[in-house]
Amino acid sequence: MNERGDASVEFLGILVVLVIPVFYIVLAIGQVSAGAMAVDAGAREAARILAQDSERRADAERAVALIVEDFGVDAPASVSSSCAACASSEGAIEVSVSVRVPLPFMPAWLGAVGVTVSSSASAPVREVVAGG
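Residues numbered from 1 in each chain as written. Predicted model: local features only at pLDDT ≥ 70, side-chain atom pairs only at ≥ 80, totals over all residues. Heavy atoms only, no water.

A.B. asks: Describe the nonpolar core, with residues and values.
C.D. replies: Core analysis: the biggest nonpolar cluster contains 23 residues, and V64, V68, V73, I93, V95, V97 and V99 have the highest contact counts within it. Secondary structure elements with two or more residues in this core: α1 (6-52), α2 (57-70), β2 (92-102) and β3 (114-124). The dominant element in this core, judged by the number of residues it contributes, is α1, at 8 residues. Ignoring sequence-local partners within four residues, the contact set of V95 consists of A43, A46, A47, L50, V79, S80, S81, S119, S120 and A121. (Core = buried A, V, L, I, M, F, W, Y, C linked by side-chain atoms within 4.5 Å. Buried < 20%, exposed > 50% of the residue type's maximum accessible area, 1.4 Å probe, protein only. Helix = DSSP H or I, 4+ residues; strand = E, 2+ residues; numbered from the N terminus. Contact = heavy atoms within 4.5 Å.)

Laid out in structure tokens, this is it:
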């Protein structure tokens, strides 16, 4: 019996069964990790913006959208905020950002397949002194 060529067939079998799924898992973990870092940075930046002026919600949402885009996440982010005692100088703004990170190479007919990541940040409200 001739065993010539069996090694290449076995190599292709192992490649398909082991290496390709591991490669996909590494890609998926990288995407989710990028999304987690994006929402963390976005929440911190939105908290800084809203701590200066709680009426600048549109600016905070735009900053979060730019940060998420910079991290390569192709999904819209949702931003929510609440402020405890904003009228006083001891108040704090709490911002929560979440995004659904799409998994790589998933076909559109499966729907929106992805992992939702979220982060929150808080910042003390700064008292703005006119002319100072």
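Further notes follow.
A.B. asks: Can you explain the side chain of S119? Please cite residues and give values.
C.D. replies: Within the fold, S119 resides in strand β3. In this structure the side chain of S119 is engaged in a polar contact, spanning 3.3 Å, whose partner is the side chain of D40. (Polar contact = N/O pair within 3.5 Å; in protein donor to acceptor, adjacent residues only side chain to side chain.)

A.B. asks: Can you explain the pattern of salt bridges? Please cite residues and give values.
C.D. replies: Summed over all chains, the structure comprises 4 salt bridges. Note that E45 and R48 form a salt bridge whose closest N and O atoms lie 3.1 Å from each other. With E45 and R48 both in helix α1, this residue pair falls 3 residues apart, about one helical turn. When its relative accessible area of 28% is taken as the criterion, E45 is described as partly exposed. For R48, a relative accessible area of 39% gives the class partly exposed. For R57, the salt bridge identified is with E61, shortest N-O distance 3.2 Å. With R57 and E61 both in helix α2 and 4 residues apart, the pair spans about one turn of that helix. Of the residues examined, R57 reaches a relative accessible area of 32% and is grouped as partly exposed. (Salt bridge = Lys/Arg side-chain N within 4 Å of Asp/Glu carboxyl O.)

A.B. asks: Go over the sheet that holds β3 with me, naming the residues and quoting the values.
C.D. replies: Overall, antiparallel pairing links the 3 strands, which are arranged β1-β2-β3 in an open sheet. On the outer flanks of this sheet lie β1 (77-84) and β3, each paired with one strand and no other. Put simply, the sheet's adjacent strands are angled 15° from each other on average, direction ignored. Pairing between β2 and β3: 11 bridges, direction antiparallel. Residue pairing for β3: V97 is matched across the bridge by S119. Here α2 sits on the sheet and contacts β1 and β2; the angle it forms with β1, its principal contact strand, is near 140°. (Pairing = 2+ DSSP bridges. Axes fitted to C-alpha atoms, helices over the stretch in contact; angles between N-to-C directions.)

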